[in-house]
Amino acid sequence: QQPVQSPQAVILREGEDAVINCSSSKALYSVHWYRQKHGEAPVFLMILLKGGEQKGHDKISASFNEKKQQSSLYLTASQLSYSGTYFCGTELRDYKLSFGAGTTVTVRA
Amino acid sequence: DTEVTQTPKHLVMGMTNKKSLKCEQHMGHRAMYWYKQKAKKPPELMFVYSYEKLSINESVPSRFSPECPNSSLLNLHLHALQPEDSALYLCASSQEAGPQEQFFGPGTRLTVL
């Protein structure tokens, strides 16, 4: 069951903020966030377990609203290195990770 | 060593060929995964191995045959593939199956002629 990600793409200037959303129609066990740069493998950013927690990694943070089965990824004070495609991955209790369609983030100087 | 390695990097094969993709990790991870990724699409889960046993097969056609000879190694045997199977094949590993960070290898770019 593929989660729904939005927006499809976002263009930012350095220092600007952005939010990427991920939602599911099923009860989630966990939400993963990965970033993939062109021609490279996906790289893990963070994982959120059900319980409505919020996590942070440098200036990238995420929240998980268990009641709404939604997660949001927050890019704060974006840097050029933040460019790439961000995928949310959702896991039900079956341990199968299903990725959303991705959000392409372009950060310009 | 926090690396997952995959060989070969590129593979071109005909529809009648038999080939294998190889994935290796030395992080002591007990779960290993195969994903397929088409251009501009997300990775799609194919297989999950947990403690060297196949635990998940996402209804993948039998022309793809996974094998886990030991805890560090994962193979994907390919036979009689179709042109639509051309894609990037990613291997990943995690400490255990479940809600864990997955470490991805660089992938094998497969072209089926």
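The sections below set out a description of the structure shown in this document. Every value quoted in this text rests on a predicted model; they were computed, and no experiment measured them.

A look at the pairing of strand β5 (residues 44-50) of chain B
All names here are of chain B.
- The buried fraction of β5 amounts to 5 of the 7 residues, a majority that puts the element mostly inside the structure.
- Pairing of strand β4 (residues 31-37) with β5 involves 6 bridges; the strand directions are antiparallel. From the neighbouring strand, A31 faces β5, where its bridge partner is S50.
- Where β5 meets strand β6 (residues 53-57), 4 bridges bridge the pair, whose relative direction is antiparallel. Each bridged residue has a counterpart across the sheet, and for V48 the counterpart in β6 is I56.

Some points on the interface of chain A and chain B
- Across the boundary between the two partners, chain A contributes 20 residues, which contact 18 residues of chain B.
- Contact between chain A and chain B buries roughly 1500 Å² in total, counting both sides, with carbon and sulfur atoms accounting for 66%.
- Of all residues in chain A, the largest losses of buried area upon contact with chain B belong to A:Y95, A:K96 and A:F99, amounting jointly to 30% of the total for that side.
- Our count for the chain A to chain B interface comes out at 1 salt bridge.
- For the salt bridge of B:E58 with A:K96, the shortest nitrogen-to-oxygen distance reads 2.9 Å.
- Applying the counting criterion to the chain A and chain B interface returns 3 residue pairs in polar contact (both at pLDDT 80 or more).
- Residue assignment for the side of chain A that touches chain B shows that the elements contributing at least two residues are β4 (30-36), β5 (43-49), β9 (84-91) and β10 (97-99) of chain A.
- Residue composition of the side of chain A that touches chain B, grouped by class: 12 nonpolar, 5 polar and 3 charged.

Brief notes about the state of the cysteines
- In this structure the tally under the stated criterion is 2 disulfides over all chains.
- Bridging A:C22 to A:C88, the disulfide has an S-S length of 2.1 Å. Disulfide A:C22-A:C88: the torsion about the S-S bond is 70 degrees, which places it as right-handed. Within this pair, whereas A:C22 is found in strand β3 (residues 18-23), its partner A:C88 is found in strand β9, the two being separated by 66 residues in sequence.
- For A:C22, a relative accessible area of 3% corresponds to the buried category.
- Classification of A:C88 by relative accessible area gives buried; the value is 0%.
- There is a disulfide in this structure between B:C23 and B:C91, and the S-S distance comes to 1.9 Å.

Procedures and definitions
Sequence positions are assigned chain by chain, starting from 1 and proceeding in written order. For this description, chains carry letters from A and ligands carry numbers from 1, given in the order in which they are written. At least 70 in pLDDT is required for a residue's local features to be given in this predicted model, at least 80 for side-chain atom pairs to be given and counted, and no such filter applies to totals for whole chains, interfaces and linings, which use all residues. Excluded from the side-chain calculation are hydrogens and water; included are all heavy atoms of the structure. Partly exposed residues are those whose accessible area sits between 20% and 50% of the maximum for their type, while under 20% is buried and over 50% is exposed, using a 1.4 Å probe and protein chains only. Secondary structure counts use DSSP, requiring at least four H or I residues in a row for a helix and at least two E residues in a row for a strand, with both numbered from the N terminus. A pair of strands is treated as paired once DSSP finds two or more bridges between them. Should any heavy atoms of two residues lie within 4.5 Å, those residues are considered in contact. Using a 1.4 Å probe, buried area is obtained as the accessible area two parts lose upon being combined, added over both of them. Between Lys or Arg on one side and Asp or Glu on the other, a salt bridge is scored when a side-chain nitrogen of the former is within 4 Å of a carboxyl oxygen of the latter. Polar contact criterion, stated in full: a pair of N or O atoms within 3.5 Å, where within protein one must be able to donate a hydrogen and the other to accept it, and residues adjacent in sequence count only if both atoms are side-chain atoms. Note that Gly is not counted as nonpolar here; it falls among the polar residues with everything else outside the nonpolar set of Ala, Val, Leu, Ile, Met, Phe, Trp, Tyr, Cys and Pro and the charged set of Asp, Glu, Lys and Arg. Throughout, disulfides are identified as pairs of cysteine sulfur atoms within 2.5 Å of each other.

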